[in-house]
Amino acid sequence: MQIEIVEMEDRKAKFIIKNSSPAMANALRRTMLQDIPKMAIDKVEFHLGPIMQDDKEYESITSLFDEVIAHRLGLMPVPTYNSDGKPFLFRDECVCGGEGCPSCTIMYSLNRFGPATVLSGDLMPLGDPSLKVKDEFIPVVELTNTQAVLIYAHAKMGTAKQHVKWQAAFGVGYSYMPIVEISDSPLAKDSGIVKYAIDEYPGLFKEVGGKLVVDDIYRACTYGKAVEQDETLKGIVSVSWDDTTFVFKYETDGSLTARQVLDTAVEILSNSASEFGSLVEALE
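Everything in this summary refers to the structure shown in the same document. The numbers attached to residues start from 1 for each chain and follow its sequence in the written order. The model is predicted, so local features are restricted to residues of pLDDT at least 70 and side-chain atom pairs to those at 80 or more, both for listing and for counting; the totals for chains, interfaces and linings are taken over all residues. Side-chain numbers here rest on the full set of heavy atoms in the structure, without hydrogens or water.

1. Concerning the sheet that holds strand E1 (residues 2–8)
Thought 1: Two strands are said to pair when DSSP picks up at least two bridges between them. Only DSSP runs of H or I with at least four residues qualify as helices, and only runs of E with at least two residues qualify as strands; both kinds are numbered from the N terminus onward. On the basis of which strands lie adjacent, the open sheet formed by four strands has the order E1-E2-E14-E11 and antiparallel pairing. In this open sheet, the two edge strands, each paired with only one partner strand, are E1 and strand E11 (169–182). Between one strand and the next, the sheet's axes are offset by a mean angle of 30°, whatever the strand orientation.
Thought 2: By the bridge criterion, twelve bridges tie E11 to strand E14 (residues 237–252) in an arrangement that is antiparallel. Bridge pairing links Ile182 to Val237 in E14. Here an angle of 0 to 180 degrees is reported between the N-to-C directions of two axes, which are lines fitted to C-alpha atoms, with helices fitted over the stretch in contact.

This is the structure:
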């Protein structure tokens, strides 16, 4: 199996898997969706009672139930790697024995007074300022001029098998690699046909020397079926699919970069295959 990177940005990526099979492609997809470890807020403590600020008393109450706010905080994209570039540890694998320490836990505080819109960026990490939430403009709750919130939140490692808040990659999908062939018939140079194809399937086709040619082959992943059934292009354009090559796309919420998600998924698959191979050899 070979992997060819087509696009690799901080939060999204596109790559091609060559010399593979649908089973392997789906195994990678499922691994990226549910097996990538990441940090997420799992425990939220709310201050109860009045809160004083500048000789004014605020009520620690909001228009939302505390559990709704806690759920929203759990879905915030929390950094999974510390300032040294190393991933946090699972609590049951940490030297602290699961009690919570800087190697396996991030603590945040949130202290806002109304009137205000509380945002994810109001969550302040205790200790390392580089561990701020990756998206700072996610609304949490509205406060009136008599309301305030004082919250302490604890983030820990987990996987999406436990809860979707630990899902690292989103929109993970793949398709067979399309093969688009354009005939040499005079119709492929007909100005009306060329204009129709370009307008109907933007990005897939372009005109070169008065002839219809493929512009972006990856657009065929979206338009391929429609092109196959298009009576206007019948006999001019044919689309087939390579079932040993797959085009992958996915995004992240910022808790991990797209590169970290792919590297981790490949490592997990490799380790699982090695472990399975060892078990098979033990049976023999």
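2. Quick look at the pattern of salt bridges
Two side chains bearing opposite charge may form a pair once their charged atoms approach each other closely.
Thought 1: In what follows, salt bridge is the name for a side-chain nitrogen of Lys or Arg lying within 4 Å of a carboxyl oxygen of Asp or Glu. All told, the structure shown has 13 salt bridges when counted by the stated rule.
Thought 2: For Lys165, the salt bridge is made with Asp42, and the minimal N-O distance between the two is 3.0 Å. In this pair, Lys165 is assigned in the loop between strand E10 (148–158) and E11 and Asp42 in strand E3 (residues 38–46), connecting sequence segments 123 residues apart.
Thought 3: Taking the relative accessible area as the measure of exposure, Asp42 reaches 35% and is therefore partly exposed.
Thought 4: One salt bridge in this structure joins Glu136 and Lys132, with 3.7 Å as the shortest N-O distance.
Thought 5: Classification of Glu136 as partly exposed rests on a relative accessible area of 33%.
Thought 6: If you follow the salt bridges from partner to partner, you end up with Asp42, Lys156 and Lys165 in one network. Categorising residues by exposure relies on relative accessible area from a 1.4 Å probe, with only protein chains included: less than 20% of the type maximum marks a residue as buried, more than 50% marks it as exposed, and the intermediate range marks it as partly exposed.

3. Points about the pairing of strand E4 (residues 50–53)
Thought 1: In this structure, E4 lies alongside strand E5 (residues 56–59), joined through four bridges in antiparallel fashion. Of the residues in E5, the one forming a bridge with Ile51 is Tyr58.
Thought 2: Hairpin connection of E4 to E5: two residues between the antiparallel strands, including Asp54 at a positive phi of 55°.

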